[in-house]
Amino acid sequence: MSGTPAVTLQIDGQGLQVAAGTTVLRAAEQMGIVIPRYCYHPAFEPEGSCRMCLVEIEGLPKLDLACSTVVREGMKVWTSTPKVLQARKDVLEFFLADHPLDCPICDKAGECWLQNYYDQHGRYASRFLEFKEKKGKKVPIGKKLILDRERCILCTRCVRFLRRVTKTGELGVFERGVKAEIGIDGGADIRNNYSGNLVDICPVGAITDGDFRFKTRVWFLKNGRSVCPRCSRGCNIVIQSVRGYPLPGRQRKIYRFLPAENPEVNGFWICDFGRYGYHDIEDNRATAIAVNRGGPAAGRGADWDGILKGLAAELGAMAGAGAMSRVAVVLNSFLTNEELAACRKIFVEALGIQKIFFADPKPGEGDGSLLTADRAPNGRGAAALGYTARVPDLEGLAGSTDLLIIFGPHLMDHSAADAAAAALGGVKKKYLFTAHVSGLDSAVDVVLPTSLPAEKRGSFTNVDGIKQFFECAVAPLRGSLPESEILARLAAGLGVTLG
Amino acid sequence: MSFSLSAEGAKRVEALVRRYPKMQAALIPVLHLVQREKGFISPEAEEWVAATLGIPALQVREVLSFYTLLHREPVGRYVIQVCRNISCYIAGSEDILNHLEKKLGVRAGETTADGKYTLITVECLGNCDHAPCLMVNDDDYGPVSRDAVDGILMGLT
Amino acid sequence: MTDAKATLIPPGENSFRLGAYLGRGGYEAARTTILTKKPQDVLEEVKKANLRGRGGAGFPAGSKWAFVPQADDRPKYLCVNADEGEPGTFKDRAIMARDPHLLLEGIILACYAVGIRTAFIYIRGEYEAIARRLEEAIEEARQKGFLGPDIFGSAFALDVLVHRGAGSYICGEETALLESLEGKRGWPRLKPPFPASVGLFRGPTVINNVETIANLPLIFRYGADWFVGRGLPRDGGTRLFGVSGAVKKPGLYELPVGTPLRKIIYDWAGGPAEGQAIKAVVPGGLSAPFLTPDEIDVPMDYESLAHIKSMLGSAGIIVIGDRTPIIDILKIVARFYAHESCGQCTPCRIGTAWISKIADRMGAGGGVPGDIDSIRHLAEGMKGRTLCPMGDAAAFPVLSIVDKFGQELAEMISR
């Protein structure tokens, strides 16, 4: 900020200093004054078409737009004079005149900017006696997105997003006047990897997500911040879920991911691959401990305590017999930095295991924007901790290993289930810690259900080396444990101090 | 691409495109040209114009839907525009409109079955001292009476 | 007008031909100016002449030109606004059809003053025949070296291109005109920046009405003082007053700025049509607040009309007789703005359509007492709140109708 000339002005009687070039709207935000707006979005240049952000500037005869007016030295801005409040009411009245009375069936209810602003700035009695404009109400525009043209307030955020951010331009504005409408007009529909952001930036329920449609009401949703685990970008997300009412009992359900703004990592957006990855938290979960053969845990009771104590004992015995070369561990880059550090202490330093491998999802294609080719969140964190990520050769492993500990189901990304089963047939004892069901389950002796990043705390280091800490965003499934807890108990059983 | 203009039309498009520092600026003049030759602007024409000017077809369609003189559907050989704004209204434009609707057997906004006439109502044509006025394609007529209208129609082959 | 040379609309069928124009002394002013005067001198002379824009806003032309930064590498443009969409206005059509070379000579002078090498005439698509005539005139002028690479043998080069619109009143608004010329929808731009600094293809641009430019050769032939003397000190020259509606002699009348409206209607346009009395008068194109019969003694200049809360605008005078129910006028006014609203900003997009629906409902017999207040409320809601002046343009006439003719509307509702 040093070197940028500063401008001193007054907003609502209070003085403040901002960088030259700041708009009135942004200056007000710095003071905690939020001027209502629809078409303005910080990702774009000001548009000036919704007319909600009109404010009074001393010395000017007409109200002026806060979003596009740049502050001047000595400027005096008033954001709540009767003239301004009347203008807001009147502009809202225009917006709502042709707006359909869809609230009872509209997903946006509860987070709708028309509702919110009417509540704060409207509260007038409607005087609209005419027939409302009839337009298309369930227009598919690509992927699962549905456009409702009657609800649309023509803020054009969606059009501008697709022109300026994804540069794919699938949407346009057609016709003119009150007949103006958004659409693809028979052209290519929206297929890009950022379509989900359109639902977020639409201030009303004009663009809704078929993935979310009619499933819940937003006022039931609880927010939990986390980091998306589906690639190495580490986009900041908000996980929205319900636990308990209105679901029966203590049932937990995840409804969607939303982007959380982070200028250094993901800006305002998340990609669809990450966004719709929320299904991972619920689909195909390993929910209970499974013991496949009358093997090592059979006599001890198939519970966490019993199994982990048994595993610790086995490791201890093999260490004592100098047989660590017969032990292999497969880790993955979904483990947090803290968990990977604990693995290092236990497996590498304390036990001296050399056969440490990584099984991550196969790389995909980066999309040139947020989505990276690396489809695991903490590859860089693993590298920083000294790990060399290498996929194990299962057949080679089979011949030389008596005890195999696998974290995560991603071995299946690199060999077919039966090939894995055949190869692993030669390993005496196999433990699998996994959050998801996979073909690996039947190839191992014990399957133990773990938590996902959304259900635990820790940190990931993203592709650019930025370390991001996250807290537990949703309650873990009953019966599963986070790897941090698993490793802590193993360490205790082995007499290793984790510190 | 299946769409093409006449050799003369293509030459004029090239000349038009050269006039502007940005090719998109030639869009409306080129659309006019296409419409003069083909009568209207078909989806194939949209694609051709888009490709010729190096702009997305969606933007061509956005523009087409905004301007009332550009037609995306076929129109009659003669497009009759009847002005209904203040001066023309005062001079009796509604009567002229009714007369034309009866005579042609269509409502305003429609094209006759034989494809000869399209009748549309428009806002001020800028010919107010000759109210009530109308246009047939590029030609101005006004002030028109019912008889004058009949005479105009008779003269259109 | 006594001097056939000093008029914007010369008589005679072939007045538009180059030969006829040269016979009237055409292109002499441009030749002299380019060969002997400096661009700054031209600008000063225009300021001295108090030539105000004749498109509607009345902004002094010289001041507008002075906003263009001279020390700037970007190509500069002149856009001649020949969109003429304001109902009641038909003057630019006459100038272009009868005196195209006057316009071209004016363009030469304007471009010389500001340092512009490319001028576009943005002409409404309906004026196709006139566009062709302009193109022929441009070709004639090029052949003679009055346009092109070295005009009158000087170093000054200028190209004039005719660009057609396609049916949109809003494209007469200067920034919508720029958008349309660039091949886009006619959605006006946010100001600032103003066209003088960021305009056509992002270069400095001057936009002037046809009649404004057409006055330039006369100013340079006869002098700024002469021009001011023809009109008023603060508002020089003549105006082409277009009179239409319920009058005996509708037509175009070139008269000094400041001529009283009553004189124009009665002495020149023959007074109201047979058997009718005047009910209302539109003084400056439809977007100007309507006047009542007792307001028509007003002198027709910008200040005088502003003083009675109306505007000179495009000087399009429409006389409405007492045979026309005011509800019909309201319906047409409301329908016009709803049809022409570009849809970009909320108050105009929704407000114009809403008012039109109310007016139609009233006209069909479904009016309720609250409607007049609603219309007033909606028009006030648009005023001063829109992205471009069209919001005001839509609000002013409607407000004047409900304020000055509310009685007739109320009586209609209660019937």
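Turning to the overall build of chain B, a few remarks are in order. A tally of helices and strands in chain B yields seven helices and four strands. The principal-axis extent of the C-alpha atoms belonging to chain B is close to 50 × 30 × 25 Å. Within the span of chain B, comprising 157 residues, buried residues form 44% of the whole. Across chain B, every contact between residues at least 6 apart in sequence was considered, and the portion connecting residues at least 24 apart equals 54%.

This part covers the overall build of chain A. Within chain A, the secondary structure is distributed over 13 helices and 21 strands. Seen along its three principal axes, the alpha-carbon backbone of chain A occupies a region of about 90 × 55 × 40 Å. By the burial criterion, 44% of the 499 residues in chain A qualify as buried. Long-range pairs, those at least 24 residues apart, make up 66% of the contacts in chain A with a sequence separation of at least 6.

This part covers the domain arrangement of chain A. Residue and element names in this part refer to chain A. If you check the domain split of chain A, you get domain 1 (6-80), domain 2 (95-209) and domain 3 (290-494). Look at where the C-alpha atoms of domain 1 and domain 2 centre, and you get two points 26 Å apart. Contact residues are listed per partner, giving nine residues for domain 1 and 12 residues for domain 2.

A few words now on the nonpolar core. With 250 residues, the main nonpolar core has C:C79, C:I107, C:V281 and C:V398 as its most contacted residues. In this structure, C:V398 is in contact with C:V333, C:A334, C:I355, C:I375 and C:A379, ignoring residues within four places of it in sequence. Judged by nonpolar contacts, the second largest core, of 73 residues, contains A:A328, A:Y387, A:Y431 and A:L481.

Strand pairing in a sheet takes place through backbone hydrogen bonds and is either antiparallel or parallel in direction. All names here are of chain A. Ordered by their spatial adjacency, three strands build an open sheet running β11-β12-β13, and the pairing between neighbours is antiparallel. Sheet topology places β11 (222-227) and β13 (252-259) at the edges, where each strand pairs with a single neighbour. Strand after strand, the sheet turns through a mean of 30° between neighbouring axes, direction not considered. Pairing of strand β12 (residues 236-243) with β13 involves seven bridges; the strand directions are antiparallel. Within β13, the residue paired with Q240 across the bridge is R256.

A pair of packed helices can be characterised by two numbers: the angle between their axes and the separation between those axes. Residue and element names in this part refer to chain C. With their axes 10 Å apart at the nearest point, helix α15 (residues 346-366) and helix α17 (residues 390-404) run at an angle of 25° to one another. One way to sum up the angle between α15 and α17 is to call them roughly parallel. Judged by the twist between their axes, the crossing of α15 over α17 is left-handed. When α15 is examined against α17, the residues P347, C348, T352 and I355 are found in contact with a partner set consisting of M390, G391, A394 and V398.

With that out of the way, let us pick up the pairing of strand β6 (residues 139-142) of chain A. In summary, the side chains of a regular strand alternate between the two faces of the sheet. In terms of strand pairing, β6(A) meets strand β7 (residues 145-147) of chain A through three bridges, oriented antiparallel. Looking across to β7(A), one finds that A:V139 is bridged to A:L147.

What follows is about the pairing of strand β5 (residues 238-245) of chain C. Residue and element names in this part refer to chain C. Burial analysis of β5 places eight of its eight residues in the buried class, which makes it a mostly covered element. Alternating residues of β5 divide into T238, L240, G242 and S244 and R239, F241, V243 and G245, and every residue in both groups is buried. Relative to strand β6 (residues 251-256), β5 runs antiparallel, the two being bridged by six bridges. Note on β6: the bridge partner recorded for T238 is P256. Connecting β5 to the antiparallel partner β6 that follows it, the hairpin turn spans five residues. Relative to strand β8 (residues 316-321), β5 runs parallel, the two being bridged by four bridges. Bridge assignment links G242 to a residue of β8, and that residue is G316.

This part takes up the interface of chain C and chain B. Each partner contributes residues to the interface: chain C has 44 residues there, and chain B has 33 residues. Residue assignment for the side of chain C that touches chain B shows that the elements contributing at least two residues are α7 (128-143), β3 (159-164), α8 (174-181), β5, β6, β8 and α14 (326-340) of chain C. The dominant element in the side of chain C that touches chain B, judged by the number of residues it contributes, is α14(C), at six residues.

Below, the discussion takes up the packing of helix α6 (residues 100-114) of chain C against α7(C). Residues and elements named next belong to chain C. Two elements in contact, α6 and α7, have axes whose closest approach is 9 Å; the angle formed by their N-to-C orientations is 60°. As summarised for this structure, α6 and α7 are arranged oblique, according to the angle between their axes. Seen along the crossing, α6 lies across α7 with a hand that is right-handed. In contact with P100, H101 and L104 of α6, α7 contributes R133, L134, A137, I138 and A141. Residue composition of the contact of α6 with α7, grouped by class: six nonpolar, one polar and one charged.

This part is about the sheet that holds β8(C). All names here are of chain C. Strand order in the open sheet formed by four strands is β6-β5-β8-β7, with mixed pairing between adjacent strands. Two strands close off the open sheet at either side, each with one partner strand: β6 and β7 (278-282). Strand-to-strand twist of the sheet, defined as the mean angle between neighbouring strand axes without regard to direction, takes the value 25°.

Turning next to the environment of A:I239. Residues and elements named next belong to chain A. Mapped onto the secondary structure, I239 falls in strand β12. It is 24 Å that separates the C-alpha atoms of I239 and G142, two residues lying 97 residues apart in sequence. The contact partners of I239, leaving out residues within four places of it in the chain, are G224, S226, I254, F257, Y278, A454, A473 and V474.

Attention shifts here to helix α2 (residues 27-38) of chain B. Between the first and last C-alpha of α2(B) there are 16 Å, a value that for 12 residues agrees with the 16 Å anticipated at 1.5 Å per step. For α2(B), the full list of buried residues reads B:L27, B:I28, B:P29, B:V30, B:L31, B:H32, B:L33 and B:V34. At its buried positions, α2(B) is contacted by α1 (7-18), α3 (43-53) and α4 (57-66) of chain B together with β3 and α8 of chain C.

The subject of this paragraph is the interface of chain A and chain C. Each side of the interface is counted separately: chain A has 23 residues, and chain C has 25 residues. The element contributing the most residues to the side of chain A that touches chain C is helix α2 (residues 82-97) of chain A, with seven residues.

Here the focus is unusual backbone geometry. Note: most peptide bonds trans; most residues except glycine with negative phi. Between B:A131 and B:P132 the backbone carries a cis peptide bond, its omega angle lying at -5°. Relative to the assigned elements, B:P132 resides in the loop between β2 (117-122) and β3 (134-136). In this structure, the amide linkage connecting C:P192 to the following residue, C:P193, adopts the cis form with an omega of 5°. Inspection of the secondary structure assignment puts C:P193 in the loop between α8 and β4 (205-209). For C:N50, which is not a glycine, the phi torsion comes out positive at approximately 50°. Summarising the element assignment, C:N50 is placed in the loop between α3 (39-48) and α4 (61-66).

Another point: the confidence of the model for chain B. Averaged over all residues, the pLDDT of chain B equals 96, while 99% of them reach at least 70. For this predicted complex, the interface confidence comes out at an ipTM of 0.97, alongside a pTM of 0.95.

A separate point is helix α13 (residues 483-494) of chain A. All names here are of chain A. Compared with the 16 Å implied by 1.5 Å per residue over 12 residues, the 16 Å span of α13 between its first and last C-alpha is a close match. Turning to α13, its buried residues are E483, I486, L487 and L490. Looking straight down α13, one finds its buried side chains confined to an arc of 95°; they lie on one side. Of the surrounding secondary structure, the elements contacted by the buried residues of α13 are α8 (304-320), α9 (337-350), β17 (403-407) and β18 (429-434).

The rules behind each value
- Residues numbered from 1 in each chain as written.
- Chains lettered and ligands numbered in written order.
- Predicted model: local features only at pLDDT ≥ 70, side-chain atom pairs only at ≥ 80, totals over all residues.
- Helix = DSSP H or I, 4+ residues; strand = E, 2+ residues; numbered from the N terminus.
- Buried ≥ 20, exposed ≤ 12 C-beta atoms within 10 Å, placed from the backbone.
- Contact = placed C-beta atoms within 7 Å.
- Domains from an automatic or database assignment.
- Core = buried A, V, L, I, M, F, W, Y, C linked by C-beta atoms within 7 Å.
- Pairing = 2+ DSSP bridges.
- Axes fitted to C-alpha atoms, helices over the stretch in contact; angles between N-to-C directions.
- Parallel < 35°, antiparallel > 145°, perpendicular 65-115°, else oblique.
- Left-handed = near helix turned anticlockwise from the far one by under 90°.
- Nonpolar A, V, L, I, M, F, W, Y, C, P; charged D, E, K, R; others polar.
- Expected span 1.5 Å × (residues − 1).
- pLDDT = per-residue confidence, 0-100.
- Arc of directions from axis to C-beta.

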